[in-house]
Amino acid sequence: MQKLIETKNLFTDFNTFEGVVKALNGVGLVVNEGETYGLVGESGCGKSVAVRSLMRIVQAPGRITEGKVLIFFRAEDRSRGIDILRRSEAYMTSIRGDSISMIFQEACTSLNPVLSIGFQVGESFHFHRRAQMLEETIRDLDEELGRGGFFLARGWKVLSRALFARELGALKEYEGAIDRIDHELYRLEEAGSGEPLRRKGALQRRRDRLGEKSVLAEIARRVPGFRRYRRRLERTVRRHVVELLRSLGVPNPERIAEGYPHELSGGMQQRIVIAIALACHPVLLIADEPTSNLDVTIQAQIVELIKSLKQKVISSVLFITHDLGLVAEICDRASVMYAGDIAETASVRELFRQPLHPYTQGLLASVPKLSQAGELATIPGTVPNLIDPPTGCRFHPRCPHAMEVCKGVKPPTIEHSPGHWVACYLYSDGKK
Amino acid sequence: MSEPLIDIRRLVKYYPVRGGVFRRHVADVKAVDGVDLAIQRGECLGLVGESGCGKTTLGKTLLRLHEATSGRIYYNQPAPQVEEVERLLASERDGDRAAAWARLKDMDITRLGRSNLRKLRQRMNIVFQDPSNSLNPRMLIRDIVAEPLVAQHLIKARDVEKKVLDLLHVVGMGAGHLKRYPHEFSGGQRQRIAIARALATSPEFILMDEPTSALDVSVQAQILNLLKNLQRDFHLTYLFVTHHLLVVKYTSDRIAVMYLGKIVELARTAEIFQRSLHPYTKALLSAIPIPDPDSKRERIILSGDVPNPVNPPKACRFHPRCPFVQERCREMEPLLEDAGSGHAVACHRWREL
């Protein structure tokens, strides 16, 4: 199966006053094309930090100290991948929200309360699909001009069209330049030079000034009331927004696009966040506990939505959750995280039928089930403090099978059976 | 059948909504709207529902942390007396009703006087949802756990330490934790402290208000087991409020399902899971994610959200979301009726579905 994104030996630290929190301890995970991949663990185990590192949005004082994040979908050379940790911020900006997008736990905090929903959903179209929007607007204008009309209105339309065409030309030129730079960068990366980063930054700054290059655009900017011509573009974007919202089952999308986030319920807000994430048809959707603040019946709606989107629109989903039930329900493959380590990775069926790592076993046994009989099993103790994590295997103080070797060195991740990876000394050198 | 410890009759709790320049009373949030429920002595009754359905309000009104708008809550009253008072209340004659009201002063939690209420508070207690908010960060664990005893003047100063230590041992903690502050503990340990505090006055009844929803799975299991053991050892009665159906299934003897301020179904735990009758219960059950990749279920996906309790739908409150809605459901409110062997359901169509 074709890999989509892979992290290799990822370490992320947070420098705090109490010490360095070692949130990730060499995380390696792979998301393949076309699968729904689950990342499970208790709170504080580093699952959110892992995906934030993957998107390169770890907030200060967090820092990715070591490791690689390889993407394969954009590669000039698809088999080797591009290490996005070594790319510029501009490169990341062109990826985030376009080919990888993310939805967060609390919809109400990821939406801006003072901007209308139409504006917030439309932002992705403006940012990542500007060329397409401009083309459509020009096509609309051409059509209207073809129908004739009052000459003053015609003049206005001709002018608008010229401005949009100018902007489109500049944008295409810019994107071509970016592509060339990307190629150059990829080649230079092999040679190990950081020089083109500066040139790319300059290009990125140029993007903001696009459309204001010509005399016409200059007039448009200076003369009061002239900027109204851009409303045409807004109208095209709004049309796409409404279409998108309708496809996600938002009732009455025209009215909702005019409204503001506080007017909506939690489930509806989460749909809006999903709409923003899906605006550009990403290849990978990262969902960070998208349903944990919602009620069960609303959670079921959102889960069904993500499932159906997975079939129709998105290639892969990386689903982060602490709810093992959700993992069983929607994921194909899953990893269990504990205290910054990936403990076990397997297909969901294997993971639930034949858990290998003692932590996975304990976790599965401690969830109340429908067919629960007798006392619930527990894992003794609590999640360790990551400022001063246990040596060796970070699970050993709570592990019922702890051995002397577990205290020493972190156990290597081995492939116990095809596709079933586990990091535990119980299974090293072919035991069991 | 054993006598109910708490007998709730027609309990109503409205929160006023004020608006306009003069803060006039413009509407009510109908949090609890006519609930009848009996909690048997020694049982664990699970109360489930979505957020905003009024389950926490109901629980807190029982402890009189909120004042009820109307209705009666009988605590530990012999059934014949309760029935007699109820009969008098329903009577046509003014004299009968006046006599009933006079008697209610000593029987009904919502009408108890100060000193009686104070005595009652020794026998009822509560464990809150988030232990990081319910423990005072500036008090030592010793003082937190001893506070109910000190407030009720039940203990001499020199006995405090020993008593607190006993309580901490009961919840699986030790002497080393006495002189520390809440922030030094993990979520699970904090919840243990909150439980020790709830047990301090040896109550009969404890309201569990989502005691594990702020905790992680592996810790949740520890706390649930602890609660079960405590109930057995101290003959406690629980009202277990939660939105997590699998948790109540594990802890509770009976389950009451609440929707928008009303009880829609009440039955023994096994019965709810095997033979749920109300469409809302069915949808709720089918919506729980089951930690088993091979489980095959038919899913009922409800459309829409929980309506606003300020202006709940008329007649059956579930009808705008119900997949089996009929004309009748929009016109007449279904009452909670018996469906055999203690199973009660409020739906017009339960026989057909």
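Being a predicted model, the structure only gives us computed values, none of them experimental.

Caption draft 1: View of the overall build of chain B. Looking only at helices and strands, one finds 13 helices and eleven strands in chain B. Taken over the C-alpha trace, chain B has a radius of gyration of 22 Å; the compact-globule value for 353 residues is 20 Å, and the two agree within 12%. For chain B, the C-alpha atoms occupy an extent of roughly 65 × 65 × 55 Å along the three principal directions. Among the 353 residues that make up chain B, the fraction classed as buried is 56%. Within chain B, contacts between residues separated by at least 24 positions form 65% of all contacts whose residues are at least 6 apart in sequence. A total accessible area of about 15,900 Å² is found for chain B, and carbon and sulfur atoms account for 50% of it. Distance between charge centres in chain B, computed from 52 positive and 41 negative side chains, equals 4 Å.

Caption draft 2: Expanded view of the overall build of chain A. Broken down by element type, chain A carries 15 helices and twelve strands. A principal-axis box enclosing the C-alpha atoms of chain A has dimensions of 85 × 55 × 45 Å. Split into buried and exposed, the 432 residues of chain A put 53% on the buried side. Expressed as a percentage of contacts within chain A between residues at least 6 apart in sequence, the contacts between residues at least 24 apart total 67%.

Caption draft 3: The packing of helix 5 (residues 130-146) of chain A against helix 9 (residues 231-247) of chain A, seen in detail. All names here are of chain A. At a minimum axis separation of 9 Å, helix 5 and helix 9 run at an interaxial angle of 110 degrees. Classified by the angle their axes make, helix 5 and helix 9 are roughly perpendicular. Seen along the crossing, helix 5 lies across helix 9 with a hand that is right-handed. Along the contact surface, helix 5 presents Arg130, Gln132, Met133, Leu134, Glu136, Thr137, Asp140, Leu141 and Glu144, while helix 9 presents Arg232, Leu233, Thr236, Val237, Arg239 and His240.

Caption draft 4: Spotlight on the nonpolar core. Residues and elements named next belong to chain A. The biggest cluster of nonpolar side chains holds 112 residues, and the ones touching the most others in it are Ile274 and Ile286. In terms of residues, this core owes the most to one element, helix 11 (residues 266-278), which gives seven residues. Two domains each provide a minimum of three residues to this core, namely domain 1 (1-114 + 266-432) and domain 2 (117-259).

Caption draft 5: Up close: the pattern of salt bridges. Under the counting rule described, the total for this entry stands at 47 salt bridges over all chains. For Asp341 of chain A, the salt bridge goes to Lys410 of chain A, with nearest N and O atoms at 3.4 Å. Within this pair, whereas Asp341 of chain A is found in strand 10 (residues 341-347), its partner Lys410 of chain A is found in the loop between helix 15 (358-365) and strand 11 (414-417), the two being separated by 69 residues in sequence. With a closest N to O distance of 3.8 Å, Lys179 of chain B and Glu161 of chain B form a salt bridge. Placement of Lys179 of chain B in the loop between helix 7 (160-170) and helix 8 (187-199) and of Glu161 of chain B in helix 7 is noted, with a sequence separation of 18 residues between them. Several salt bridges share partner residues, and in doing so they unite Asp7, Arg9, Arg72, Glu83 and Glu86 of chain B into one network.

Caption draft 6: Summary view of the sheet that holds strand 12 (residues 420-422) of chain A. Residue and element names in this part refer to chain A. Spatially, eight strands are ordered 6-7-8-3-9-10-12-11 in an open sheet, and the strand pairing comes out mixed. Edge strands, defined here as strands with exactly one partner in the open sheet, are strand 6 (100-103) and strand 11. Within the sheet, the average angular offset between the axes of one strand and its neighbour, ignoring direction, is 20 degrees. As paired elements, strand 7 (residues 284-288) and strand 8 (residues 316-321) share five bridges and run parallel to each other. From the neighbouring strand, Ile286 faces strand 8, where its bridge partner is Leu318. Contacting strand 3 (36-40), strand 6 and strand 8, helix 12 (residues 296-312) runs over the sheet at an angle of about 155 degrees to strand 8.

Caption draft 7: Focus on the interface of chain A and chain B. With 40 residues of chain A at the interface, the matching set in chain B holds 36 residues. Each partner contributes to the roughly 3,300 Å² buried at the junction of chain A and chain B, and carbon and sulfur atoms together form 57% of this total. Ranking the residues of chain A by area buried against chain B places Thr297, Pro368 and Leu370 of chain A at the top, with a combined share of 19%. For the pair chain A and chain B, the interface holds one salt bridge.

Caption draft 8: Examining the confidence of the model for chain A more closely. Mean pLDDT for chain A: 85, with 90% of residues reaching 70 or above. Least confident of the elements in chain A is helix 7 (residues 196-208) of chain A, whose mean pLDDT is 58; most confident is strand 9 (residues 333-338) of chain A, at 94.

Caption draft 9: Spotlight on unusual backbone geometry. Along the chain, Ala60 of chain A connects to Pro61 of chain A via a cis peptide bond; the corresponding omega equals 5 degrees. Here Pro61 of chain A shows up in the loop between helix 1 (47-55) and strand 4 (62-71). Positive phi outside glycine occurs at Glu210 of chain B, with the angle close to 50 degrees. Summarising the element assignment, Glu210 of chain B is placed in the loop between strand 6 (205-209) and helix 9 (217-234).

Caption draft 10: Up close: the sheet that holds strand 5 (residues 124-127) of chain B. Residues and elements named next belong to chain B. Pairing within the open sheet is mixed, and its eight strands lie in the order 5-6-7-3-8-9-11-10. The open sheet has two free edges, formed respectively by strand 5 and strand 10 (337-338), since each of these has just one partner strand. Inspection of the sheet shows strand 5 paired to strand 6 by four bridges, in the parallel sense. Bridging across to strand 6, Met124 finds its partner in Phe205. On the sheet, helix 12 (residues 279-287) packs against strand 8 (254-259) and strand 9 (262-268) and is oriented at approximately 105 degrees with respect to strand 8.

Reading the values: the criteria
Residues numbered from 1 in each chain as written. Chains lettered and ligands numbered in written order. Predicted model: local features only at pLDDT ≥ 70, side-chain atom pairs only at ≥ 80, totals over all residues. Heavy atoms only, no water. Helix = DSSP H or I, 4+ residues; strand = E, 2+ residues; numbered from the N terminus. Rg over C-alpha atoms; globule rule 2.2 N^0.38 Å. Buried < 20%, exposed > 50% of the residue type's maximum accessible area, 1.4 Å probe, protein only. Contact = heavy atoms within 4.5 Å. Areas by Shrake-Rupley, 256 points an atom, 1.4 Å probe, with all protein chains shown as cover. Lys, Arg positive; Asp, Glu negative; His and termini not counted. Charge placed at Lys NZ, Arg CZ, Asp CG, Glu CD. Axes fitted to C-alpha atoms, helices over the stretch in contact; angles between N-to-C directions. Parallel < 35°, antiparallel > 145°, perpendicular 65-115°, else oblique. Left-handed = near helix turned anticlockwise from the far one by under 90°. Core = buried A, V, L, I, M, F, W, Y, C linked by side-chain atoms within 4.5 Å. Domains from an automatic or database assignment. Salt bridge = Lys/Arg side-chain N within 4 Å of Asp/Glu carboxyl O. Pairing = 2+ DSSP bridges. Buried area = accessible area lost by both parts, 1.4 Å probe. pLDDT = per-residue confidence, 0-100.

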